[in-house]
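# Fold and contact review
Here's the letter readout for the chains.
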Amino acid sequence: MDNSTRWTWERAPEPSDIFWENLGVTPFGRICYGMFSYILTVLTIIGCAALIFAIKAFQKDEKSKQESGQDDDLDTVEKGKKAALSAVASIVVVVVNSLLVFVIRRFSLAERHETTTKMNVSVAIKLTIARFINSSAILVYVNKDVNLWFNNGNLVYEATLLMLIMAFQQPI
């Protein structure tokens, strides 16, 4: 038998799962709405990355000012400043993660999916990718120097603080 004459079926969704008002939207229209949603998500992540880069640049500037002033180890106040700046970076990531939840959910509705299930799958995939990039990849990229990961106020401190804050943040 020729494969070109084979038919495929898929089970119809439940009537309560269908967005009836979205059935007239063309596939091209859905693609355009989806791309708009992805662009807003990427812009939000870029904004977060810019904030974290600025915080790290400020940290490096403070460290270079301190090192030029004296040759001995960082005193307690300077260590506290560095830890506070790292805490700010972690808080920025948590705030942007919350913003991502709002942005992705809001604009996934505008994608005009045919069913609630397809919309929820779209939200889940986008949130997983966006939160991974925002919570992990940006922090690792900003703290590129592997030798400094375990120093006070660097990657390990930021990641630990981020996990603690996210553990107590309300679930998605």
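Now for a quick tour of the structure. Note that the structure is predicted; figures quoted are calculated from it, not measured.

## Points about the overall build of the protein
- Looking only at helices and strands, the protein has 4 helices and 0 strands in total.
- Buried residues in the protein amount to 34% of all 172 residues.
- Counting contacts in the protein only where the partners sit at least 6 residues apart, residues at least 24 apart contribute 76% of the total.

## So, the pattern of salt bridges
- Enumeration according to the criterion identifies 3 salt bridges in this entry.
- With a closest N to O distance of 3.9 Å, Glu114 and Arg30 form a salt bridge. Of the two residues, Glu114 sits in the loop between α2 (76-109) and α3 (116-142) while Arg30 sits in helix α1 (residues 27-69), which places them 84 residues apart along the sequence.
- A relative accessible area of 28% means that Glu114 is categorised as partly exposed.

## Quick notes on the packing of aromatic side chains
- The full count for this structure, using the stated rule, is 3 aromatic pairs.
- Between the aromatic rings of Trp7 and Trp9, the centroid separation amounts to 6.3 Å while the plane-to-plane angle is 65°, which identifies the pairing as edge-to-face. Note on accessibility: Trp7 and Trp9 belong to one class, exposed.
- Taking the centre distance of 5.6 Å and the plane angle of 80° together, the rings of Phe36 and Phe107 count as edge-to-face. Of this pair, Phe36 sits in helix α1 while Phe107 sits in helix α2; the two residues are 71 residues apart in sequence, bridging distant segments of the chain.
- Judged by relative accessible area, which is 25%, Phe107 ranks as partly exposed.

## Digging into the packing of α3 against helix α4 (residues 155-168)
- It is at 9 Å that the axes of α3 and α4 come closest, and there the two elements cross at 160°. On the basis of their axis angle, the class for α3 and α4 is roughly antiparallel. Considering how the two elements wind past one another, α3 and α4 form a crossing that is right-handed. Contact residues: Arg131, Ser135, Leu139 and Val140 in α3; Leu155, Glu158, Leu162 and Met166 in α4.
- By residue class, the composition of the contact of α3 with α4 is 5 nonpolar, 1 polar and 2 charged.

## Examining the nonpolar core
- Counting 22 residues, the largest nonpolar core has Cys48, Ile52, Val92 and Ile138 as its most contacted members.
- Elements represented by at least two residues in this core include exactly α1, α2, α3 and α4.
- For this core, the element with the highest residue contribution is α2, accounting for 9 residues.
- Residues within four places of Ile138 in sequence aside, it is in contact with Ile45, Ala49, Ile52 and Ile133.

## Observations concerning α3
- For α3, spanning 27 residues, the distance from its first C-alpha to its last is 37 Å, which sits close to the expected 39 Å at 1.5 Å a residue.
- Maximal helix bending in α3 amounts to about 35°, located at Ile133.

## Some thoughts on the environment of Arg131
- Mapped onto the elements of the fold, Arg131 is located in helix α3.
- Between the C-alpha atom of Arg131 and that of Val101, which follows or precedes it by 30 residues, the distance is 8.9 Å.

## What about α4?
- In this model α4 runs 20 Å from its N-terminal to its C-terminal C-alpha over 14 residues, within 8% of the 20 Å that 1.5 Å per residue would give.
- Where α4 is concerned, the buried positions are Leu155, Glu158 and Leu162. The arc enclosing the buried residues of α4, seen along the axis, measures out at 70°, which places them on a common side. In α4, the exposed positions angled more than 90 degrees off the buried face are occupied by Met163, Ala167 and Phe168.

Basis of the calculations
Residues numbered from 1 in each chain as written. Predicted model: local features only at pLDDT ≥ 70, side-chain atom pairs only at ≥ 80, totals over all residues. Heavy atoms only, no water. Helix = DSSP H or I, 4+ residues; strand = E, 2+ residues; numbered from the N terminus. Buried < 20%, exposed > 50% of the residue type's maximum accessible area, 1.4 Å probe, protein only. Contact = heavy atoms within 4.5 Å. Salt bridge = Lys/Arg side-chain N within 4 Å of Asp/Glu carboxyl O. Phe/Tyr/Trp six-rings, centres within 6.5 Å; stacked < 30°, edge-to-face > 60°. Axes fitted to C-alpha atoms, helices over the stretch in contact; angles between N-to-C directions. Parallel < 35°, antiparallel > 145°, perpendicular 65-115°, else oblique. Left-handed = near helix turned anticlockwise from the far one by under 90°. Nonpolar A, V, L, I, M, F, W, Y, C, P; charged D, E, K, R; others polar. Core = buried A, V, L, I, M, F, W, Y, C linked by side-chain atoms within 4.5 Å. Expected span 1.5 Å × (residues − 1). Bend = angle between axes of the 7 residues up to and from the residue. Arc of directions from axis to C-beta.

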